[in-house]
Amino acid sequence: MLDERKTGVTADLSLKNISVVGGCAVVQAVVTAVSLGEAEFVQAIYRDTYLAKRAVALDVPRSKLPFYPLDKQTKTLLRQMPSAMWVVSTSAAHGEDLAMTATSVTVPAAARGMMCFNVAHSSAFYAGLGGVGAGVRLFALSTRQKDIAERYVTRAALGKEDRTRVEEECMVAASCTIEHTEDVQDHHIVLTKIDGVKVPEKDEEGLMPLVWQHGKLITES
């Protein structure tokens, strides 16, 4: 039996739905409570980057009592977790290239040929996103591309110059086909199958992934 007071951050979940797509179980759950236990800090494990050795200090009060996920404390806690920055692109039905900045891109551990991301219903990118069978491309941004990440938070039309930069300066690019979609509250969960991966040639040694943490983009170690 684990002592919850000494395990650090814990979350209580309420299971809502399970979908099986391509051998991957997509589990939907609602966070009902979060507790910090007695953790003094959280160690951020971010393989092959300097973040793997950096402790992430919690600036929220320690508490043995749970608090609700919409509270300010939970939002503050989530800001401490490092997230890789991605650009997701697609071609709308009318032919326009669209893009959005995303921190929600994940590779399900049990289905490594799949990638998943979320998109808000209110975004212009969502309005032009196709359904099952449509193609999308996912680009893991490098530290050269801070301006790209910032630009496609608020705009969707992907310019020709930005499209070239995204393709040539990213850490890795994946061409994918949408396999499954699910609406959860105000977001659209998109599960895709990876059709191909490309690693662009880079002329700069030590180029790092662009990461969002502590409410800002990290471009230096």
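Please read all numbers here as calculations on a predicted model, not as lab measurements. (Residues numbered from 1 in each chain as written. Predicted model: local features only at pLDDT ≥ 70, side-chain atom pairs only at ≥ 80, totals over all residues. Heavy atoms only, no water.)

Details of the sheet that holds strand β7 (residues 97-102)
Strand order in the open sheet formed by six strands is β7-β6-β9-β10-β11-β8, with antiparallel pairing between adjacent strands. Strands with a single pairing partner mark the edges of an open sheet, and in this sheet they are β7 and β8 (114-120). Averaged over all pairs of adjacent strands, the angle between strand axes in this sheet comes to 35 degrees, irrespective of strand direction. As judged from the six bridges shared by strand β9 (residues 135-140) and strand β10 (residues 172-184), these two strands associate in the antiparallel manner. By the bridge assignment for β10, Arg137 is matched with Ser175. (Pairing = 2+ DSSP bridges. Helix = DSSP H or I, 4+ residues; strand = E, 2+ residues; numbered from the N terminus. Axes fitted to C-alpha atoms, helices over the stretch in contact; angles between N-to-C directions.)

Re the side chain of His180
Mapped onto the elements of the fold, His180 is located in strand β10. Residue classification places His180 among the buried positions, given a relative accessible area of 19%. One polar contact links His180 to Glu182, side chain to side chain, over a distance of 2.9 Å. (Buried < 20%, exposed > 50% of the residue type's maximum accessible area, 1.4 Å probe, protein only. Polar contact = N/O pair within 3.5 Å; in protein donor to acceptor, adjacent residues only side chain to side chain.)

Focus on a nonpolar patch on the surface
On the surface, Leu15, Ile18 and Val27 cluster together into a nonpolar patch covering about 300 Å² of accessible area. If you trace the backbone, Leu15 turns up in strand β1 (residues 10-21). Its relative accessible area of 55% is what places Leu15 among the exposed residues. (Patch = residues over 30% accessible without salt bridge, like charges linked within 9 Å, V, L, I, M, F, W, Y side chains within 5 Å. Areas by Shrake-Rupley, 256 points an atom, 1.4 Å probe, with all protein chains shown as cover. Salt bridge = Lys/Arg side-chain N within 4 Å of Asp/Glu carboxyl O.)

Focus on the side chain of Thr101
Here Thr101 lies in strand β7. At a separation of 2.7 Å, a polar atom in the side chain of Thr101 contacts the main-chain carbonyl oxygen of Ala149. Contact partners of Thr101, with chain neighbours within four places excluded, come to Met85, Trp86, Val87, Ile148, Ala149, Tyr152 and Val153. (Contact = heavy atoms within 4.5 Å.)

A word on the sheet that holds strand β12 (residues 211-213)
Sheets are built from strands that pair by backbone hydrogen bonding, the pairs being arranged parallel or antiparallel. Spatially, the three strands line up as an open sheet ordered β5-β12-β13, and their pairing is antiparallel. Each edge of the open sheet carries a strand with a single partner, namely β5 (83-84) and β13 (216-218). Here two bridges tie β5 to β12, and the two strands are oriented antiparallel to one another. Following the sheet pairing, Ala84 is matched in β12 by Val211.

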